[in-house]
Amino acid sequence: MVYTLAPVTAPVDSVEDVARLLSPDGTRLPDRHLDAWVADVDPPALRGLYRDMAVLRRVDAEGVALQRQGQLGLWPPCRGQEATQIGSARAMRREDFAFTSYRELGVFLTRGATPADVVLTWRGETHSSMDPAQVGVAIPQIIIGAQTVHAVGYAMGIQRDGAEAASMAYFGDGAMSEGDVGEAMVFAATFAAPVVFLCTNNQWAISEPVSLQSRIPLSRRAPGYGIPSIRVDGNDVLACLAATRWALDRARTGAGPAFIEAVTYRMGPHTTSDDPTRYRDAAELAFWEQRDPLARVEAHLRAIGEFDDVFRDEVAAAADELCGAVRTACLDARTPEPLTMLDDVYAEPHPALDLQRERLGAYLASFADDGEARA
Ligand SMILES: Cc1ncc(C[n+]2csc(CCOP(=O)(O)OP(=O)(O)O)c2C)c(N)n1
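In this report, we go over the structure that sits alongside the text. Since the model is a prediction, treat every value here as computed from it, not as a measurement.

Quick notes on the rules
- The residue numbering used here restarts from 1 in each chain and proceeds along that chain's sequence as written.
- Owing to the predicted nature of the model, reporting of local features is limited to residues with pLDDT of at least 70; listing and counting of side-chain atom pairs is limited to 80 or more, with chain, interface and lining totals taken over all residues.
- With hydrogens and water excluded, all non-hydrogen atoms of the structure serve as input to the side-chain values.
- The definition of a nonpolar core used throughout is a set of buried Ala, Val, Leu, Ile, Met, Phe, Trp, Tyr and Cys residues joined through side-chain atoms within 4.5 Å.
- Accessibility here uses a 1.4 Å probe with only protein chains present; expressed as a share of the type maximum, an area under 20% marks a residue as buried, one over 50% as exposed, and anything in between as partly exposed.
- Contacts were defined at the residue level, with two residues in contact if any of their heavy atoms lie within 4.5 Å.
- To qualify as a helix, a DSSP run of H or I must reach at least 4 residues; to qualify as a strand, a run of E must reach at least 2; elements of each kind are numbered from the N terminus.
- At least two bridges found by DSSP between two strands is the condition for calling them paired.
- Handedness of a crossover is defined as follows: orient the strands so they point away from the viewer, and if the path from the first strand over the helix to the second runs clockwise, the crossover is right-handed.
- To be near a molecule or strand, a residue needs just one of its heavy atoms within 4 Å of it.
- Two N or O atoms count as a polar contact when they lie within 3.5 Å, although within protein this holds only if one can serve as hydrogen donor and the other as acceptor, and sequence-adjacent residues are included solely when both atoms are side-chain atoms.
- Using a 1.4 Å probe, the Shrake-Rupley method yields the accessible areas, and only the shown protein chains count as cover for residues.
- We call Asp, Glu, Lys and Arg charged. Ala, Val, Leu, Ile, Met, Phe, Trp, Tyr, Cys and Pro are nonpolar, and the rest, Gly among them, are polar.
- Stacked, tilted and edge-to-face are the three classes applied to pairs of Phe, Tyr and Trp rings, where Trp contributes its six-membered ring and a pair requires centres within 6.5 Å; stacked means planes under 30 degrees apart, edge-to-face means over 60, and tilted covers the rest.
- Note on criteria: charge over ring means Lys NZ or Arg CZ within 6 Å of the ring centre, with the direction from the centre no more than 35 degrees off the ring normal.
- Note on geometry: axes are lines fitted to C-alpha atoms, helical ones only across the stretch in contact, with angles between N-to-C directions running from 0 to 180 degrees.
- In this scheme the handedness of a crossing depends on how the near helix is turned from the far one: anticlockwise by less than a right angle means left-handed, clockwise means right-handed.

1. Here's the deal with the nonpolar core
Moving on, step 1. Grouped together as the largest cluster of nonpolar side chains are 69 residues, with contacts concentrated most on Leu-34, Tyr-50, Val-119 and Val-232.
Moving on, step 2. Sequence-distant contacts of Val-119, defined by excluding residues within four places in its chain, comprise Leu-66, Leu-72, Trp-75, Val-326, Ala-329 and Cys-330.
Moving on, step 3. Counting 24 residues, the second-largest nonpolar core is a separate cluster that includes Val-152, Phe-197, Val-210 and Leu-218.

Given below as C-alpha cells:
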C-alpha cells in the first residue's frame, strides 16, 4: 500500500541542490552519474562549448539592441541561460528534432538557423523564418507548454517508424503549471515515447516565482508520471551536455522518456516589453551574477592553460561576424506581399483557404488609391 497522506509541502529546494560538473569558480567536480557522458569532452571540445555560448550571448544582445532601435517588434532575451541551451542542443544528433518555446535562441543557432531566421519573425515579416525540416526544430511556440504535446506526438511517430532518434521538448518552469505538459508526460510515459523533457527553470514565469507554482523541485514531479528525472545546474554547460546525452540515449534506445530540470536564471527581462525591477530584487540578480555560465568555463579553461588572448579574439571575431549578418538580415528585410502569408498553410489546395484568400484580397484592394476599388 502506498500512503501519500503527508506529501512534501516545503517550499522548493535550494538552487544549489543540483548535479554539477563545473562549480561556479570553474573547478571540475566528479559526478558518478554524469562523468561517463562527457568523458570525451577534451579541451578543444570545451573551448567549442565556450565559443558557442559566447556567440549566443552576443547575438542575444544584438537582438535586444535591434529591438531598442525599433527594428524588431519584440525580443525575448536568454542571457544567463546559455549553458542550458548550448549544452543540451550539442547533445542532439542531426536526426533528432527539437520543439522549443520562444526563448531558445541557442538551440536554433546550434541546429543551423540562419541570421535571417533569428530576426525575421520578431520583425513581423513572416510567421516563421525557419524551415523546420531543414533546421530540425519546430517553429518557436508562443503558447506556453503546447510544444510538449507536439514533441510527444513526434516521438511516437519516430517510434512507429522504428528510427533511432528522439525528440526534445524545451519549456519553462511556468509551463509546468499548464495542462498540456501533464498530458504530454502521461502520453510519453504510457507509450514509452522517445522524448526528452527539458524544463528550463529560470526561476520566473514573467513576474511569478517558481516557488509560487511548485512546492517541490520540478524534477520530482516526473517520477509521478513514471518518468526518470535529473536536476542539474543549468549554468553548467558540461552538466547540461551530460544529462541530455544520458536522456537522449535512453530515448533513442527504447527505454522511454526522461525529464531534465535545468536550474538557471533569466538575467534580463522576460521580453523587451517587461521591467523585472518591479518584481525582482537586486540581491537576487547579484547572487546569479556569481554563477555566470560563461565565466565558470573561462575560469576552468584558464586554470588548465587553454584560454588566452588569441582564443578570446577568435571568439569575439566569430560573434562579430554573426551579429553583423543578423543586423544585415534585419535591415535588408523586405516585407512580402500580404497574400503570400497563406501560401504554406496547407500542402494541398483547400476551399476554405481559397475563400480566405479571396476575401483578404478584396479587403486589401479596398485600400487601393483609385476610386474604382473603393466604390
Ligand atoms: C497558454 C498560455 N498562457 C499564457 C501565456 C502568456 N505568457 C507568455 S510567457 C508566460 C510565462 C512563461 O514562463 P515560463 O514557462 O517559465 O518560460 P520563460 O518565459 O521563463 O522562459 C506567460 C504566462 C501564453 N503565452 N500561453
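2. Focus: the pairing of strand β6 (residues 229-233)
Moving on, step 1. Most of β6 is tucked away: four of the five residues are buried.
Moving on, step 2. Alignment of β6 against strand β7 (residues 258-263), held across five bridges, turns out to be parallel. Each residue of the ladder has a partner; that of Asp-233, found in β7, is Val-263.
Moving on, step 3. Crossover handedness for the path β6 to helix α10 (residues 237-252) to β7: right-handed.

3. With respect to the site of the ligand
Moving on, step 1. The ligand sits among 15 residues. The nearest are Tyr-102, Arg-103, Ile-142, Gly-174 and Asn-202.
Moving on, step 2. Arg-103 is positioned with one of its side-chain polar atoms (N or O) 2.7 Å from an oxygen atom of the ligand.
Moving on, step 3. Contact between the ligand and Asp-173: an oxygen atom at 3.3 Å from a side-chain N or O atom of the residue.
Moving on, step 4. When isolated, the ligand has an accessible area of 590 Å², and the protein chains bury 70% of it.
Moving on, step 5. In terms of residue class, the shell around the ligand is made up of eight nonpolar, four polar and three charged.

4. A word on the packing of aromatic side chains
Moving on, step 1. Following the criterion strictly, the structure yields 13 aromatic pairs and no others.
Moving on, step 2. Summarising the aromatic geometry, the rings of Trp-204 and Tyr-279 are spaced 5.3 Å apart at their centres and angled 50 degrees between planes, so their arrangement reads as tilted. In this pair, Trp-204 sits in strand β4 (residues 204-205) while Tyr-279 sits in the loop between β7 and α11 (282-289), placing the two residues 75 residues apart along the sequence.
Moving on, step 3. Among the aromatic side chains, those forming a connected cluster through ring pairs are Tyr-50, Phe-307 and Phe-311.
Moving on, step 4. Above the ring of Phe-311, the side-chain terminus of Arg-47 is found at 4.4 Å from the ring centroid.
Moving on, step 5. The ring centre of Phe-287 lies 3.7 Å from the NZ or CZ of Arg-291, which sits over that ring.

5. Description of the packing of helix α1 (residues 43-68) against helix α13 (residues 309-331)
For any two helices packed against each other, the geometry is given by the interaxial angle and the distance between the axes.
Moving on, step 1. Closest axis-to-axis distance for the α1/α13 pair is 9 Å, and the angle between their directions is 35 degrees. Between α1 and α13 lies a crossing whose hand is right-handed. Of α13, the residues touching α1 (which contributes Arg-47, Tyr-50, Arg-51, Ala-54, Val-55, Arg-58, Val-59, Glu-62, Ala-65 and Leu-66) are Phe-311, Glu-314, Val-315, Ala-316, Ala-318, Ala-319, Asp-320, Leu-322, Cys-323, Val-326, Arg-327 and Cys-330.
Moving on, step 2. Tallied by class, residues from the contact of α1 with α13 come to 15 nonpolar, no polar and seven charged.

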